[in-house]
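Now for the letters of each chain:
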Amino acid sequence: MDEENTTAAAADAAHDTAEQSNDESTAAAQENADSAPADETASGADAPTDDAKDKAASSGRPKRVRKTTTNYVPEEETKKEMIIPDGKGEKLGEMPNVVQKFGDVTWSTPCLKSLYYIVFGVGKKAEFKKHLLQFNGFNFSEEKEEAELEKVAQKIYKLKLDQLKEIMDLCDIDRSMDSFEEKKNPDKDMLSTRFLEWLQEPKASGKKLKKASAKRKSSSSSAAAAKAPKKKSPPKKAKKEASKPKKKKQTAKPADDDEEEVNIPGVSTDKIRSKIQSIVANADKDSVTVKDVRKKLEDWLDMDLLEYKNSIRTLVMDAM
């Protein structure tokens, strides 16, 4: 009897223990279920966003910023048009004879290139005629006029006589013997002086040139005559007498130009010439001017030599 009571008591205790453990596990599960959303919410608040991730990723290494590319477009160069000063004379483009003669030459013609160099200096070949036809004389200031004209005179004197004549003919400048006061065949000094005066105030000569059409007719007629068949002439009989050698016609050689004389009182021309040669020899020929040489001669002779400048210029050019 006592054993049955003991067994029943043990079974009741075991049953109570099992129920208590079940209640505890159920309570623990409930607590876990209640605490789960809070933990997830907390973990969600602590979780980094996408921006935060980008910032965190960029904190260690700077992010490269792409640069915008622009296409290179070269700037167009603006051509500077030469400003030709207004002189006192007539424009070469208003002289019919000059315009006609300019039409007969090209930019590669030496006399046209030399004329442009004397008037404007160095330039583009394609603009030689355009600029020269607008030229109507030099227009220097009073302070620089003498020095600038001296530079132009040096350019002219460096030309050969044949070159000077070609340029004067291109500009339709009268260089006949009758046009000079001396009434003699003009030498280089006389032609240079006339050309320099013309450049300061260009004027039309007033001559009438032959029309180009007449030349074309004559050339065409000569060409037609050349093409026409020639008539055969009968054979000539041989001459019995031996033909005598023909004498060559003797052409009179022009007399050499007299040496330049400088009629300075108290000193001979030979002394002036030797002094000028000494000055030029000791000076820089690329930069020395006739005016510089004349000033040194004035200091040497202690007198004004302005009225002898043309003769001194000739001697200086001979020495150079």
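This one's a predicted model, so the numbers in the text were calculated from it and none came from an experiment.

The rules we used
- Residues numbered from 1 in each chain as written.
- Predicted model: local features only at pLDDT ≥ 70, side-chain atom pairs only at ≥ 80, totals over all residues.
- Heavy atoms only, no water.
- Axes fitted to C-alpha atoms, helices over the stretch in contact; angles between N-to-C directions.
- Helix = DSSP H or I, 4+ residues; strand = E, 2+ residues; numbered from the N terminus.
- Parallel < 35°, antiparallel > 145°, perpendicular 65-115°, else oblique.
- Left-handed = near helix turned anticlockwise from the far one by under 90°.
- Contact = heavy atoms within 4.5 Å.
- Nonpolar A, V, L, I, M, F, W, Y, C, P; charged D, E, K, R; others polar.
- Disulfide = S-S within 2.5 Å.
- Buried < 20%, exposed > 50% of the residue type's maximum accessible area, 1.4 Å probe, protein only.
- Core = buried A, V, L, I, M, F, W, Y, C linked by side-chain atoms within 4.5 Å.
- Phe/Tyr/Trp six-rings, centres within 6.5 Å; stacked < 30°, edge-to-face > 60°.
- Lys NZ or Arg CZ within 6 Å of the ring centre and 35° of its normal.
- Expected span 1.5 Å × (residues − 1).
- Arc of directions from axis to C-beta.
- Salt bridge = Lys/Arg side-chain N within 4 Å of Asp/Glu carboxyl O.
- Polar contact = N/O pair within 3.5 Å; in protein donor to acceptor, adjacent residues only side chain to side chain.

Student: An account of the packing of helix 11 (residues 290–301) against helix 12 (residues 309–319) is requested, with residue identities and associated values reported.
Tutor: With their axes 10 Å apart at the nearest point, helix 11 and helix 12 run at an angle of 110° to one another. With respect to each other, helix 11 and helix 12 are oriented roughly perpendicular. Like other packed secondary-structure pairs, helix 11 and helix 12 cross with a definite hand, here right-handed. Contacts from V290, V293, R294 and L297 in helix 11 reach K309, I312, R313, V316 and M317 in helix 12. A per-class count over the contact of helix 11 with helix 12 returns six nonpolar, no polar and three charged.

Student: Talk me through the state of the cysteines; I want residue IDs and the actual numbers.
Tutor: This model, assessed by the stated rule, comprises zero disulfides. The thiol sulfur of C111 is not disulfide-bonded, and the nearest other cysteine sulfur, from C171, lies at 8.7 Å. Accessibility expressed as a relative area gives 11% for C111, which makes it buried. Accessibility expressed as a relative area gives 1% for C171, which makes it buried.

Student: For the environment of H131, give the residues involved together with the corresponding values.
Tutor: The topology assignment puts H131 in helix 5 (residues 128–134). Measuring from C-alpha to C-alpha, the distance between H131 and Y116 comes to 8.4 Å, with 15 residues separating the pair along the chain. Among all residues touching H131, those that are not within four sequence positions of it are E81, M82, I84, Y116 and F120.

Student: Run through the environment of P202, naming residues and quoting values.
Tutor: On the secondary structure map, P202 appears in the loop between helix 8 (188–200) and helix 9 (212–227). Overall, the relative accessible area of 1% leaves P202 in the buried class. The sequence separation of P202 and M95 amounts to 107 residues, and the corresponding C-alpha distance is 9.8 Å. Non-local contacts of P202, meaning those with residues more than four positions away in its chain, are made with G89, E90, L92, M95, F135, N136 and G137.

Student: Can you tell me about the nonpolar core, naming the residues and giving the values?
Tutor: Of all hydrophobic cores here, the largest spans 33 residues; its most connected members are F102, L115, I118, I156, F195, W198 and L199. When residues of this core are traced back to their parent elements, those giving at least two are helix 3 (96–103), helix 4 (110–119), helix 5, helix 6 (145–157), helix 7 (161–170) and helix 8. Membership of the second largest hydrophobic core comes to 18 residues, among which are I272, I276, V316 and M317.

Student: Could you give an account of the packing of aromatic side chains, naming the residues involved and the relevant values?
Tutor: For any two aromatic rings, the description comes down to two numbers: the centre-to-centre distance and the angle of the planes. Evaluation of the coordinates by the stated rule reveals five aromatic pairs. Three or more aromatic residues joined by ring pairs make a cluster, and in this case those are Y116, F120, F128, F135, F138 and F140. Here K155 stacks its cationic end above the ring of Y117, 4.6 Å away from the centre of that ring. Of note, R194 hangs over the ring of F180, and the distance from its end group to the ring centre comes to 3.8 Å.

Student: I'd like a rundown of unusual backbone geometry, residues and numbers included.
Tutor: Phi angles above zero are rare outside glycine, and D172 is one such case at about 60°. Along the chain, D172 turns up in the loop between helix 7 and helix 8.

Student: Tell me what's going on with helix 11, and back it up with residues and numbers.
Tutor: Compared with an ideal rise of 1.5 Å per residue, which puts twelve residues at 16 Å, helix 11 spans 16 Å between its outermost C-alpha atoms and is within 8% of the ideal. Those residues of helix 11 that sit buried are V290, V293, R294, L297 and E298. Considered in projection along helix 11, the buried side chains sweep an arc of 140° and stay on one side of the axis. If you follow the buried residues of helix 11, they end up packed against helix 6, helix 10 (269–281) and helix 12. Backbone geometry just downstream of helix 11 places D302 in the positive-phi region, at approximately 55°.

Student: How would you summarise the pattern of salt bridges if you had to cite specific residues and measurements?
Tutor: Applying the stated rule across the entire model yields nine salt bridges. Residues E150 and R313 are paired through a salt bridge, measuring 3.7 Å at the closest nitrogen-oxygen approach. Highlighted residues: E150 in helix 6 and R313 in helix 12, separated in sequence by 163 residues. Take E150 and R313: they sit in the same class, and that class is buried. One network of salt bridges, in which partners are shared, links E146, K291, R294 and E298.

Student: Got a sec to walk through helix 6? Specific residues and values, please.
Tutor: Between its terminal C-alpha atoms helix 6 stretches 18 Å, which fits the 18 Å expected from 13 residues at 1.5 Å a residue. Those residues of helix 6 that sit buried are L149, E150, V152, A153, Q154, I156 and Y157. Turning to helix 6, the residues buried within the fold contact helix 4, helix 7, helix 8, helix 11 and helix 12.

Student: Mind laying out the side chain of T314, listing which residues take part and the relevant values?
Tutor: Among the structural elements, T314 can be located in helix 12. Look at T314 and you get buried, because its relative accessible area is 13%. A polar contact of 3.4 Å, which involves the side chain of T314, links it to the side chain of D189.

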